[in-house]
Amino acid sequence: MRPGPVLLLLGLGLSLSGGPGRRPPTPAPRGASATVPRVPGSPSGDLLGREPASARRAPPEARVRLSAPGGRLSLRWLARLPRSLGRLEWTFRLGLLGPTVPTAAAAAARVSPRSAVSPLSALPRGPRSYAGLVARTKCPTDGPTPVVLEAVNPNSSQAMESSVSCQISRSGVCVLDLVRIERNDDSPLQLTRKMEVTINATVKARCPIQRFFGDKMPFDWTGQTTTGRNGAYLSVKAFAFRRFVEDKFWISLSLATWGGSSLVLRHPFVIHHVPETTECKIDPAEGIAFITKFVVHCSSFKDKNIVLTYKIIVPDVRGFGEISSLKENNFGSILYWGKDCTAPPSFLPVGVLANHYALKIYAQAYNTSLGAFSQVTLYATVQAPTDINSSRTVLQELFNSTMGPDSSLSTLLQQQDFLPAGYLMYIVASVLNSMKTDSHLQADQIRLREHLFNQSFILPVNTLVEISQVVMTVTKLTQKTSEFSSLAQKLATVRIWQASQALQECHQRDKHISSEQIESVSTGILTSLSNILKLMVRHEVVEEPFHVIESLAETVLAVKVPEDKTTAMRTSNFNMYVKKTEKWNVTKFFSTEKHCRNCFYPTLNVSSVPSLPANAPISTVFCEFADDPFPWLNYGENILTEVVGFRMTGTEATGDVIEITPDVVEVYLIRKNLSFGTFNLTVGPSKESPKANESLRKTTGAFSFDVDSRAGKEVLIHIVTEVAVLFTVLVYAGHQITPTALIATYLVPHRIPPVAQDSDLFDPDCTVTEARVVCLPPSLLRVIAQRTSSSESTVAVVLQAPHFVLKPNDKLVRISVFSTQCLDMYGIQSDWREDTCVVGEKTTWQKVHCICKNPGRARRQLDAMKLANLHLRTHYLTAKRRPQVTLREVAPRKHPWTPAASEHWEERLAKWHAHETGNERSQEPEKLPPTRRSPGLPKASVKTTSKRRPQPKRAESKVSRTQRKNKNANNPNVEDNQSVSPGEHPRQPGATPLKEKTRIVLPWCCVYVAWLLVFVTCSISSFFIVFYGLTYGYKKSIEWLFASFCCFLQSVFLVQPSKIIVVSGYRTSKPKYCENLPWVGSCRYSEIELQSITQNPEEMRRRQQHIVQLRSSRMYQPLTEDDITIFKRKKRIKRRAFLFLSYVLTHFMFLALLVSLVTLLHHTDGFDYNRFIRDQFSVDLASVTKPEDIFRWLNSVLLPLLHNDLRPTFLPESSSKILGLPLMRQVRAQPGEKTCLPAEHFTQDSLKREIHCHPEYGTDPEDTKSYSGLWNRVSKRAIDKTTKGFTYKPREKRWVYYSYGLLHTYGSGGYAFYFFPEEQQFNSTLRLSELQGSRWLDEKTWAVILELTTFNPDTALFCSISVIFEVSRVGVVNTSLSAHSFSLADFNRKTSAEIYLYVAILIFFFAYVVDEVYIITQERSAYVKSVYNLLNFALKCIFTVLIVLFFRKHFLAVGIIRFYLSNSEDFIPFHAVSQVDHAMRVILGFLLFLTILKTLRYSRFFYHVRLTQRAIQTALPGICHMALVVSVYFFVYMTFGYLVFGQHEWNYSDMIHATQTVFSYCVSAFQNTEFSSNRVLGVLFLSSFLLVMICLLINLFQAVILSAYGEMKQPVYEEPSEEAEAMTYLCHRLRTAFGFLSFKSKAEDQSKFFVNMVYGQPEKNDSRYLGLKTRNINGKKTVYLVV
C-alpha cells in the first residue's frame, strides 16, 4: 500500500476518566487503548505541555509504528527531565475518519493523575536525537504492561518505569507503517481534555473495513427512561445525563429480523454543561408587595466567555395541578429576561401566609446557544400591603396602576414591554388574592379582574416565554373564584385555550423545546381550567372549558411517544390521564392498568380503522370529574358515580388525525356516596328450642323494600360482610314472611357468585354475577308484581346463615340495595343517553361496571376554527341510580320455615357442585382472584379488587385420590376446593395473605465452609490478641483471650438460647383460635400417602357411631348462660390482672425513684459531716453559763476554728471552706426599766425603785436603733462591717430564715459583728476585746447568735451552723448548737445523671395528678367514702408539697449562689436553703412512709394480709373505745408525774418530757426510775402504772384485735378477692410461659402451698361456718352454701 494524504484526528473520544477513586475506563470495542493517569498539577488538563523555546522545532516526519499482534508502540519525551516522574500510565486511541478519504488515522493521548509533577512536552519523534526518554512495547497487551523509559541522552535523568495498556479488537486492526504530519508551525501540538483537532498527515496503513469506535457508557435504561430500550420508541427523562461529561455521544440502535439480518443505526447528540454559578442576592430581603421594590443581582456566572442571558422567575406553584412526568416544576411569572446580571427594581408578589410571607425566587443563567441554564434559589419576605393600609386604599392604588391612559400598565403596553406588563398584571392579581373579601369592595374587585383579563389579550403568545407569562397571569387571576364573574370566566377560558393552541404551534415550530418546558406551562393551564370548572352552575350551559380540556390533552400528547408511561394530570376536582401506544397494542396496553380509581379498558381490533396501519400511534385521553361537570342536564340528582370521559385519536401516514371509537369500552366507575341505599342489618340467633340440634340453629336477619317492576331492570342486593359463611337469601312477595309468599331462594357463598334454587317461576339469568351480590332479574320482579297484583310491590328478604352470633348484632352485616343504569354522551348533547352502554357483570355497591359497544368509526379532524364553532369529540360516561327501589323499615323477623335445614350438607354441596360444573362447560375457567381484607374482627365493608368474574374450575373425580391421600375435608371455611387450580392453595377467609418466599438452598459443603470460617476467625483473633499482648504484657493478653472465649460461650450457650426461650414463650402464651389456624398457607408440604384406606363395613359403622357420640357430647353443644357468665368472669379477671400488674410495677417504680432521691440527699454523709461540725464547735460550750463566758468561748474556741494560717477560710484539719463572712448578731430589748409586778406590794419607795424585771422576748419590744458606742444612740449611721459602733442589721426580706433556740425562735435581724477568716487571728482578738470593753453584752441582751456556712467539696455538702447563746429570765445562759448539712441538685447533663431522675419524678407527678383528677371526676361523691382514695389523695398532696419545696430550694440556692459570687465579702444566708431542705426531708419522709404503707394495698393477694385488714376493720369500734380509755389513763399518769416529780426529776420537768417518759413505760422501757425526791410515791406510781396500763388495758387492747382476727378467718376465706384472682391468673401465665423448665404434667393443679398462701384454709372443725348463709358482698345481698 502506498502513502496517501489523510486527516489525523487527535482527541479523547468517548471515555471515562480512570483517576483515583473512579472506575477504570471500559475498553473500546475496536481500536487500541492504553491507560495513562493524568499527571497532577495541571488544572487545565493539558495532554501535551509546552517545552522550552529552544526545543520548539517541528520534525519533518513523525512515525508511530503499531502492529497486531506483533507491532510496537514508541514513546519519547522531548525535554530534559529535571527529576524523576515516578510511575506513569499512558492511553492511546486510534481511529479512521470515514470511508471516503484514502486513509485516515486518529490518535488520542491522555494523562491521568498519577505522577507528582507537571506534564512535559511529549510527541512521537523520528530517528533524530533529542534529549528525552524512549520506550517500546508490543500491542496488544494483557492489561497494563510495565515498560522502561530509557534515556536517549546520557546526561538526562536515569531510566524510569512506566506502563502501557493496549487493547485492540481482533477485527478491524490497522497496521500503520508510516505517519507523516504536514504542519507549517514549528511549535508542538497541545491538546486539552475538551478539545479535538484535525491535522493533515500522510499515513501508510493496512486496514480492514472500519467500524465506528467508542466506549459503551453505563446507563440506567429502566430508571432514566419512560419507555425502556427494547421498543421502537425511546423517551429519556429530564436530567438523565446530569452525571455525564461534556462531550459528543451516540445512541446506537440494533435491529434484527427473523431471517437473521441485522442493522445498526446511530443518533449523535452533544451534552453541554450548565454555566457555573456562585452567588446571587436580593436587596432588600424583606418588604411589602406593591410598595417595596426589590433588586436581584447575580455575579460569577461563567461559561466559556459567552454572554449569558439572565432570567428571574417568581415561582408560584402552590396549589397547582400536577403532571406525573414533570420531575421539578419551576413555572412562575418572569420578573426579568435580559443580558444584564442585575434585574431592575421591581415589585414582588405577596408571600405565602402559611410560611410567614416567605417567597421563593429563581435566578437562571442561560447559554442560549446551547439551551442549558443554571439556577440559584433566593428567598425574601413579602407582606401584603393590607397589613399597613386599608383595603380601599390598596384597591385604589391597583386601579391607578392598571386603568387609565397614564397608568403603568398602559404605558408598558404602549411601549410593547409585554413581559413587564404581564408581570405587573401578575403582581396586581397577587395583591387582589391576598385581600379579604369585602362586600363593599367586591364589585370593584370583580371589575378590576375583568379589566385585567381584557388586557391580557393584548399580550402576544408567539414564544415560549410570552406564553408562560400569559398563562401565569391568567392562572393567578383565576385563583380566587369568589370574585369571578360570568364574563371573567368566559374571558379566562378563551385565553387559556389560545395559550394552549399557541403552545402547540410553538412546539411545532421549534422542536428543540423540551417536553419538560411544555409540561411546566401546561400545569398553569391545568390549574386555570380546574378553577373554571369549579364555577359550573345549573342554570347555564358552559361548553368552552371542555374544548380547553381537549386542547390541553393534545398539547401534552404532542411531546409523548408511543409505549410511554401513562401521564397523569391531577387537580383538586378533576384528573386527566393521557397515553400513547400503537394501534396493534391498544387492547393489551390498557389491560395492564390495575391500580386505577376509575378503570378504563378499551378494545380496538387492528382491522377496525382500515386507514390506520397496525403501527399507527393512537392517542388516548381519559378524564375523571369529582363533581358533575354537566349540572344543567337531567339525572343530576340521581348521578350515582363520578363522571368520566375519554377520547381516542389516531395519526395516519399523511399526518392527518382522525377520531376513533373503540369496538368495546369497559369502564369501572366509583360510587360517590357509598352510604346511600346502604344500612346495617341486625342479625341474631333464631328462636329454635334450646334442645334443638346445633345444625338447625341459624343466624337470621330480615328487611324489606318497595320496587317498581315496570322499569324492567335488575335489583341488586349486595351483602357486605367479612363473615366467611354461606348465606341463604329467601325472597318473599309482600310484607308477610310465609311459606306461600316465598318466591326465590339464593345460596350466597363467600367468594363465588350466588346460585338461585327452585327457579321454575322465573328466569334466573342476570347481568351481574359478582360474589355476595344477589341479582333479582326483571322476570322475578314481574312474578312478584303478579303475586301482589300491583306494579309497585313490596319485597321481603330474609338472610340465613349458620349460627355465628349469640345475641342480635348490627355491626357485622351491611346491606346495599340499588338499581343502576349506565349513561353515555358524545360531546355535549341535550341529555344523557341510556341505549349505548349497559351494566356489566362486575357491578357492586362500590363500583359500577359499564360496557359500551359501538361499531368502529373514524371521524377526520376538522379544520382549526374559532372556539365557538369547534365540536367536542370526547365521550362522557357515568351511572345513575334508578328510582325504582325504596327502602323501608328494617326489622328482623323470626322465620318459621327453613326448607334447606333438613337437607344434609352433602346433598346441598352436590347440587351446588352440579350447578357450577354446568356453568364450567360453557365458559372458560379462570383463577379465583383473592379478596383483600384485613384480619381480625369483622368490619362493615369489604373492598373488592377483582376485575373479572371468578369462575370455579371444573371438578375432578376425587374418589381415587381420596383413597390414596389424606385430605382435610372438615374445614367449614373451605367453600369449594375445585375452584383452586392444581398446585395452588386456596386462601383462608379472614387470614392474612401470605407471600411465598423464595428459599435459597445452599450446597451441603457450605456448612463445613461456615465452620471453617468460624475457626479461622477465632484463630486470627487469637493471633492478634497474642500479637498485641507483646505490647500489653502476658497477663493482659491472657485476660483478653479469656474474655473473648467467654463472650463466644456466652453468645452460644446463653444469649441465643435465651432469645429462643423468650420468643417461644411469648408466642406460646398467645391464645390460638380457629380463625387463626389456616388450613393452608404459603408453605407447600407433600401430602401424606396412606398405605391402606379401605376398611370393612363394621369398622366404618363403629367409627360412625363414635362420631355421633362425640357430636352429642357436651364438647359439641352450644354455650349455656353459665358458660357465658364464666367466660365473662375470666375476661374480667384477665383485665384486672393486667391492671393489677401495671399498678404494682408503677408503684414500685415510684418507690425506687423515691429511694434514689433519698440516696442523692447524702443522708449518711450528712450525718458524719454534722457530727464533725458539732465536735468542732461544741468544745467548752457547756461551760458557758454567764454572758462573760461568751467572749471567753469566742476567743478560745471560735477564733482558732475561723483563722487557719496554713489555709485561710478553711476549717483546721479539714477540707471545709467557710463561705462568706461568719456573722455574730445580738438580739436585745429596747432600753428602759420594767417594773415587776411583785414590787408594787412593797410599801417603801426605795425598795420599789430597786426591784426591776428583765425584759421578755416576744412581749417587750426589740431594740432596732443604731449606736455609736456604749449603747449611745446616733441619728444616722451607715452600715459598715469594720465600724466601731453598734449597727442594727435588719431582717432578711428576700431570703427569710429563723434561728431556733432552746427558749425562743429568733428572726434574722440583730446587731451584727462580722469575722474575717482571711485576716490574722490577732485582728479578730483585738476587735472582740474592744467589743467586750464597750459593754456589748448587758442586762438588755436576749440572745447572741453566731451563724456561718461551710462547704465540703469532697462530699459536695453545705453545712449551715448556728450557735445560740440565750439569756434566761433567771440570768443563766443556755447554749444550743445546730448544724444541718444539705446538697444541691446538679442539672448538668454532661457531668451528672441526676437530671434524668428529676425528670422521671416530674413525669410521675403529672401522671399521678391527672390520674387522681380523672378518678375524682368519675367517682364524685363516692370518692371520699373509700379509705384507699383518701390515702391516695394524701399521698398526692404530700407529693405536691415535695415538688414545690424542691423548686423553692433550687431557686433559693441559685439566688444565694449568685449573691455569693458577686459579694463574697459578706454574710451568705445559706440558712434559708438549709431550712427549706429540712422541711423537704421531712415531707419526703412522710411521702416515703405513705408510699411504703400503700404497698399493703398491693399485698392483699395474700390471705393473711386480707385477714389482718379485715380484722382491724371489724375491731375498729372496739379499738377506738379502748384507745379512749388508754388515752385517759395515759393523761392521768402524765399529769401526775409532771405535778409531783416535775421540780426534781428531769424526765418530768415539762409536759413534753413527761409524755415521752410515760410512753416509754408503755413499751416496758423503764429507765431513770430513782425518784430521789420521793421514793415512796415513785414506787406507788410505777406499781399502779404496771398493774393498770400494762397488765390490764394494753392486754385488753390486744385481746380485742385478736378476737376479731379469729372471727374473720372463715368470712375472709369465703369472700372473693380480686387481688387473689389476679395473682393466680398472673402466676398461671408465668407458669405456662416457663412450663418447659418443669417436667410435671400440665394437668397438675396449683400447689397446696400456693393455694394456702393466696386463699387460706377454711375452718373445717367449726360448724358455725357450714350451711346456707346470706351476706352483703360488694353492696349486693348474696346467698351461698358452705360445705
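Everything numeric in this text was worked out from a predicted model, so none of it was measured.

> Help me understand the state of the cysteines in this model?
What is meant by a disulfide is a covalent connection between two cysteines, made through their sulfur atoms. This model, assessed by the stated rule, comprises 5 disulfides. Disulfide partner of C280: C298, at an S-S distance of 2.1 Å. Since a negative S-S torsion denotes a left-handed disulfide, the C280-C298 link at about 120° is right-handed. One end of the pair, C280, is in strand β12 (residues 279–283); the other, C298, is in strand β14 (residues 295–299), and 18 residues separate them in sequence. Taken as a pair, C280 and C298 share a single burial class, namely buried. Here C766 pairs with C775 through a disulfide, and the sulfurs are 1.5 Å apart. Free cysteine C1006: the closest other cysteine sulfur is in C1005, separated by 4.7 Å.

> Sorry, what's going on with the packing of aromatic side chains here?
Ring pairs (aromatic) are described by centroid distance and by the angle formed between their planes. Enumeration according to the criterion identifies 65 aromatic pairs in this entry. Each ring, one from F241 and one from F244, has its centre 5.3 Å from the other, and the planes form 85°; the classification is edge-to-face. F241 gets classed as partly exposed once you look at its relative accessible area, which sits at 24%. An aromatic cluster is defined as three or more aromatic residues linked by ring pairs; in this entry it consists of F546, F574, F625, F630, W632, W832 and Y876. Stacked on the ring of F347, the Lys or Arg K293 has its end atom at 5.3 Å from the ring centre. Looking at K1436, its charged tip hangs above the ring of Y1408, at a distance of 4.8 Å from the centre.

> Could you clarify how one ought to interpret the pairing of strand β35 (residues 809–818) in this entry?
In the case of a regular strand, side chains alternate between the two sheet surfaces. A large share of β35 lies buried, amounting to 7 of its 10 residues. Where strand β27 (residues 678–685) lies against β35, 5 bridges are found, and the strand directions are antiparallel. Residue pairing for β35: V683 is matched across the bridge by N809. Note that strand β29 (residues 715–721) and β35 share 6 bridges and pair antiparallel. Note that in β35 the partner of I719 across the bridge is I815.

> Help me understand the packing of helix α24 (residues 1503–1514) against helix α25 (residues 1516–1541) in this model?
The geometry of a pair of packed helices is captured by two quantities: the angle between their axes and the separation between those axes. Orientation of α24 relative to α25, taken along the N-to-C sense of each, is 60°, at an axis distance of 4 Å. Between α24 and α25, the angle falls in the class oblique. Judged by residue contacts, I1512, Q1513 and T1514 of α24 engage L1516, P1517 and I1519 from α25.

> Sorry if this is basic, but what is going on with unusual backbone geometry here?
Of note, the amide linkage connecting D283 to P284 takes the cis form, showing an omega dihedral of -5°. Positioned with a positive phi, S789 is a non-glycine residue whose angle comes to about 60°. Turning to its location among the elements, S789 is positioned in the loop between α10 (778–788) and β34 (792–802). For S789, a relative accessible area of 66% translates into the label exposed. The backbone phi angle of T1209 is positive, close to 65°, even though this residue is not glycine. Structurally, T1209 can be placed in the loop between α18 (1187–1202) and β42 (1217–1228).

> Just to check I follow, could you spell out the packing of α18 against helix α20 (residues 1321–1333) for this structure?
Across the interface, α18 lies against α20 with an axial gap of 11 Å and an inter-helix angle of 165°. In terms of orientation, α18 lies roughly antiparallel with respect to α20. Judged by the sense of rotation from one axis to the other, the crossing of α18 with α20 is right-handed. Across the interface between the two elements, F1191, L1194, N1195, L1199 and P1200 from α18 touch Q1321, S1324, T1325, L1328, L1331 and Q1332 from α20. Its residues assigned to classes, the contact of α18 with α20 shows 6 nonpolar, 5 polar and no charged.

> Got a minute to help me understand the sheet that holds strand β26 (residues 664–670) in this structure?
On the basis of which strands lie adjacent, the open sheet formed by 4 strands has the order β22-β26-β38-β37 and antiparallel pairing. Where the open sheet ends on each side, the last strands, each with one partner, are β22 (599–603) and β37 (837–839). Averaged over all pairs of adjacent strands, the angle between their axes in this sheet comes to 20°, without regard to strand direction. In terms of strand pairing, β37 meets strand β38 (residues 847–853) through 3 bridges, oriented antiparallel. Bridging from a neighbouring strand, C837 pairs with C852 of β38.

> Can you help me understand the sheet that holds strand β45 (residues 1288–1289) in this one?
Paired through their backbone hydrogen bonds, the strands of a sheet run either parallel or antiparallel. Taken in spatial order, the 6 strands of this open sheet run β45-β48-β42-β49-β50-β51, and their pairing is antiparallel. A strand with exactly one partner marks an edge of an open sheet, and here the two such strands are β45 and β51 (1373–1382). Here strand β49 (residues 1341–1352) pairs with strand β50 (residues 1357–1367) via 10 bridges, running antiparallel. Bridged to L1348 within β50 is I1361. Taken strand by strand, helix α17 (residues 1163–1177) contacts β49, β50 and β51, and its axis lies near 150° from that of β51. Sheet strands touched by α18: β42, β49, β50 and β51. Its angle to β49, the strand with the most contacts, is close to 10°.

> Could you clarify how one ought to interpret a positive patch on the surface in this entry?
Together, K237, R242, R243, K327 and K565 line one region of the surface with positive charge. Counting through the fold element by element, K237 comes out in the loop between β9 (197–206) and β10 (248–256). The class for K237 is partly exposed, based on a relative accessible area of 34%.

Each value, and the rule that gives it
Residues numbered from 1 in each chain as written. Predicted model: local features only at pLDDT ≥ 70, side-chain atom pairs only at ≥ 80, totals over all residues. Heavy atoms only, no water. Disulfide = S-S within 2.5 Å. Helix = DSSP H or I, 4+ residues; strand = E, 2+ residues; numbered from the N terminus. Buried < 20%, exposed > 50% of the residue type's maximum accessible area, 1.4 Å probe, protein only. Phe/Tyr/Trp six-rings, centres within 6.5 Å; stacked < 30°, edge-to-face > 60°. Lys NZ or Arg CZ within 6 Å of the ring centre and 35° of its normal. Pairing = 2+ DSSP bridges. Axes fitted to C-alpha atoms, helices over the stretch in contact; angles between N-to-C directions. Parallel < 35°, antiparallel > 145°, perpendicular 65-115°, else oblique. Contact = heavy atoms within 4.5 Å. Left-handed = near helix turned anticlockwise from the far one by under 90°. Nonpolar A, V, L, I, M, F, W, Y, C, P; charged D, E, K, R; others polar. Patch = residues over 30% accessible without salt bridge, like charges linked within 9 Å, V, L, I, M, F, W, Y side chains within 5 Å. Areas by Shrake-Rupley, 256 points an atom, 1.4 Å probe, with all protein chains shown as cover. Salt bridge = Lys/Arg side-chain N within 4 Å of Asp/Glu carboxyl O. Lys, Arg positive; Asp, Glu negative; His and termini not counted. Charge placed at Lys NZ, Arg CZ, Asp CG, Glu CD.

Geometric values such as these leave the question of function open.
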